[in-house]
Amino acid sequence: MIYRKFGKTGIDISALGFGGMRFESSQSPEDCAMLIQAGYDAGINYFDTAPIYCNGKSEEYYGRAFAEMKKTRTQKPFYVATKTFESREPKIRRDLENSLKRLGLDCIDFYYIWCILRPEQYRERVGRGLLDAFVRLKEQGLIRHICFSTHMSGNEIEKVIYDYPFDGVLLGYSAMNFAYREMALSFAEKAKCGVAVMNPLGGGLIPQNPQRFSFLKQRQEETVVEAALRFLLNDPRITTMLVGMGKMKHLQEALSAVDGFKAIPAENIEKIRLGLKEAFNELCTGCGYCNYCPEGIPVPKLMDSYNQYLLSHKKQAIADRMKWHWEIFYRGNHLDKCTRCMQCERSCTQHLPILARFQEIQKELPN
Ligand code: SF4
Ligand code: SF4
């Protein structure tokens, strides 16, 4: 295992973090706990979860595993990250108490302000007492480090990351969107924030389309998943990459990516950048620059769903992605809310015909 310092906390964190959002309802709690323990035995020491992952079960599965892992925690430390969407102190406290109960812990190591979408939204939440509440929880020993998670672009992250001495940031980052998000890593480095990255496999698009992403491979024998994870490992500004683990094979593949990691020369990174441009000519890269629809339409999620059609050539893949991955239950007329203001198209880094794609999406949704 590779370990890296989590920003100014100085804590050694495994470069592979356990993402707890991928357990399936068909799995037994015992099996999930065993998988978590197997990750711990293999050297993973960062365990990420959230109250709503896996219909609220993720924290419970961790709680089961931690009951065993706590027996060796002094010699072999592990760290737990969970989150809250809330902004007012009583609700944050309620969330935290529920998480602690489910996890069987007295304190959360890394507590995340969850999902900051825009700097204005951050300021609004701070105005409701968000940061004061987090600071009080820290003073009371219920949380150790204050962090935030976000889908903002690099420029926007800059507006938030220096606002408070945050210990860490959680970002969506992968070989698919690195060209657009990279700047955020430099801001985090300057702010001495640890960086955890989520979605390192592009929401499953990379493993589902190995041919299309073969340009990531540095060696013949590596899988495209290994190549995508090694690409992230190559950036020392990333402390840990959270890989969603639902099965032993996910854990094994991620571990083998770390074990077989070799530094990628700068000229090869440039080749990957070029490959990215070619492969993604018509694909949404998930950069999130269009995520400010005045009507609240989640454009990046819809364009990601359209990606599934482009990659699979099956129209049904659009509705499936919306329903099963993003949990968007639109009917066909929902997109009528779009006023065609063009704001999203104008900000699209890929110059995608978003509105034309909406029409195609609309046809695939139930009436
Ligand atoms: S064109 Fe439609 S989807 Fe795009 S920002 Fe305007 S209202 Fe939202
Ligand atoms: S639609 Fe364009 S701007 Fe929006 S997330 Fe996709 S690539 Fe980025």
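Please read these numbers as outputs of a predicted model, since none were measured by experiment.

Overview of the overall build of the protein
- The helix and strand tally for the protein stands at 15 helices and 10 strands.
- By its C-alpha atoms, the protein is 55 × 50 × 45 Å across when sized along the principal axes.
- Burial statistics for the protein: of 367 residues in total, 55% are counted as buried.
- Within the protein, contacts between residues at least 6 apart in sequence are counted, and of these 74% link residues at least 24 apart.
- Each charge sign in the protein was given a centre, from 50 positive and 43 negative side chains, and these centres are 1 Å apart.

Let's talk about unusual backbone geometry
- Even without being glycine, Lys192 reaches a positive phi, approximately 55°.
- Inspection of the secondary structure puts Lys192 in the loop between helix H7 (178-190) and strand S9 (194-198).
- Phi at Arg340 is positive, roughly 60°, even though this residue is not glycine.
- Looking at the element boundaries, Arg340 is found in the loop between helix H13 (316-325) and helix H14 (343-347).

Focus on the site of ligand 1
- Inspection of the region around ligand 1 gives 13 residues, with Cys293, Cys338, Cys341, Met342 and Cys344 positioned closest.
- Every element with two or more residues in the shell around ligand 1 is listed here: H14 and helix H15 (354-364).
- Grouping the amino acids of the shell around ligand 1 by side-chain chemistry returns 9 nonpolar, 2 polar and 2 charged.

Overview of the packing of helix H1 (residues 29-41) against helix H2 (residues 58-69)
- Axis separation between H1 and H2 bottoms out at 8 Å; the angle between their running directions is 50°. Looking at the two axes, H1 sits oblique to H2. Note that H1 runs across H2; the crossing there is right-handed. Between H1 and H2, the contacting residues are Pro29, Glu30, Cys32, Ala33, Ile36, Gln37 and Tyr40 on the first element and Tyr61, Tyr62, Arg64, Ala65, Glu68 and Met69 on the second.
- Split into classes, the residues belonging to the contact of H1 with H2 amount to 9 nonpolar, 1 polar and 3 charged.

Points about the sheet that holds strand S5 (residues 79-84)
- Strand order in this closed barrel of 8 strands is S3-S4-S5-S6-S7-S8-S9-S10, and the pairing throughout is parallel. In this sheet, neighbouring strand axes are inclined to one another by 30° on average, regardless of whether the strands run parallel or antiparallel.
- The sheet strands contacting helix H5 (residues 130-139) are S5, strand S6 (108-116) and strand S7 (143-150), and the helix crosses S7 at an angle near 150°.
- Sitting on the sheet, helix H6 (residues 154-161) touches S6, S7 and strand S8 (168-172), and the angle it makes with S7 is about 150°.

Focus: H6
- All of the buried residues along H6 are Gly154, Glu156, Ile157, Val160 and Ile161. Buried residues in H6, looked at end-on, bunch into an arc of 155°, giving them a common side.

With respect to the pattern of salt bridges
- This model, assessed by the stated rule, comprises 21 salt bridges.
- Across the salt bridge formed by Glu60 and Lys57, the nearest N and O atoms sit 3.8 Å from each other.
- Using a relative accessible area of 36% as the deciding quantity, one classes Lys57 as partly exposed.
- The shortest N-O distance in the salt bridge between Lys315 and Glu360 comes to 3.5 Å. Of this pair, Lys315 sits in the loop between helix H12 (299-312) and H13 while Glu360 sits in helix H15, placing them 45 residues apart in sequence.
- Take Lys315: its relative accessible area is 30%, and that puts it in the partly exposed class.

Section: helix H9 (residues 224-233)
- For H9, a buried count of 10 out of 10 residues is recorded, marking the element as mostly surrounded by other parts of the structure.
- Listed as buried for H9 are Val224, Val225, Glu226, Ala227, Ala228, Leu229, Arg230, Phe231, Leu232 and Leu233.

Things to note about the domain arrangement of the protein
- According to the domain assignment, the protein consists of domain 1 (3-271) and domain 2 (299-364).
- Each of domain 1 and domain 2 has a C-alpha centre, and these two points are 27 Å apart.
- Taken together, both faces of the contact between domain 1 and domain 2 bury some 600 Å²; the carbon and sulfur share is 48%.
- Across the contact surface, domain 1 and domain 2 share 0 salt bridges.
- Here domain 1 and domain 2 share 0 residue pairs in polar contact (both at pLDDT 80 or more) between them.
- Taken together, the residues of the side of domain 1 that touches domain 2 break down into 2 nonpolar, 3 polar and 1 charged.

Re the packing of aromatic side chains
- Tallied over the entire structure, the rule returns 23 aromatic pairs.
- Residues Phe6 and Phe110 carry aromatic rings whose centres are separated by 4.5 Å and whose planes lie at 55° to one another, so their mutual orientation is tilted. One end of the pair, Phe6, is in the loop between strand S1 (3-5) and strand S2 (12-14); the other, Phe110, is in strand S6, with 104 residues separating them in the sequence.
- Take Phe6: its relative accessible area is 0%, and that puts it in the buried class.
- Geometrically, the ring pair formed by Phe85 and Trp114 is stacked, given 4.1 Å between the ring centres and 10° between the ring planes. Of this pair, Phe85 sits in the loop between S5 and helix H3 (89-103) while Trp114 sits in strand S6, and the two are 29 residues apart along the sequence.
- Its relative accessible area of 42% is what places Phe85 among the partly exposed residues.
- Ring pairs connect the aromatic residues Phe18, Phe23, Tyr40, Phe47, Tyr61, Tyr62, Phe66 and Phe78, which therefore count as one cluster.

Conventions used here
- Residues numbered from 1 in each chain as written.
- Chains lettered and ligands numbered in written order.
- Predicted model: local features only at pLDDT ≥ 70, side-chain atom pairs only at ≥ 80, totals over all residues.
- Heavy atoms only, no water.
- Helix = DSSP H or I, 4+ residues; strand = E, 2+ residues; numbered from the N terminus.
- Buried < 20%, exposed > 50% of the residue type's maximum accessible area, 1.4 Å probe, protein only.
- Contact = heavy atoms within 4.5 Å.
- Lys, Arg positive; Asp, Glu negative; His and termini not counted.
- Charge placed at Lys NZ, Arg CZ, Asp CG, Glu CD.
- Near = heavy atom within 4 Å.
- Nonpolar A, V, L, I, M, F, W, Y, C, P; charged D, E, K, R; others polar.
- Axes fitted to C-alpha atoms, helices over the stretch in contact; angles between N-to-C directions.
- Parallel < 35°, antiparallel > 145°, perpendicular 65-115°, else oblique.
- Left-handed = near helix turned anticlockwise from the far one by under 90°.
- Pairing = 2+ DSSP bridges.
- Arc of directions from axis to C-beta.
- Salt bridge = Lys/Arg side-chain N within 4 Å of Asp/Glu carboxyl O.
- Domains from an automatic or database assignment.
- Buried area = accessible area lost by both parts, 1.4 Å probe.
- Polar contact = N/O pair within 3.5 Å; in protein donor to acceptor, adjacent residues only side chain to side chain.
- Phe/Tyr/Trp six-rings, centres within 6.5 Å; stacked < 30°, edge-to-face > 60°.

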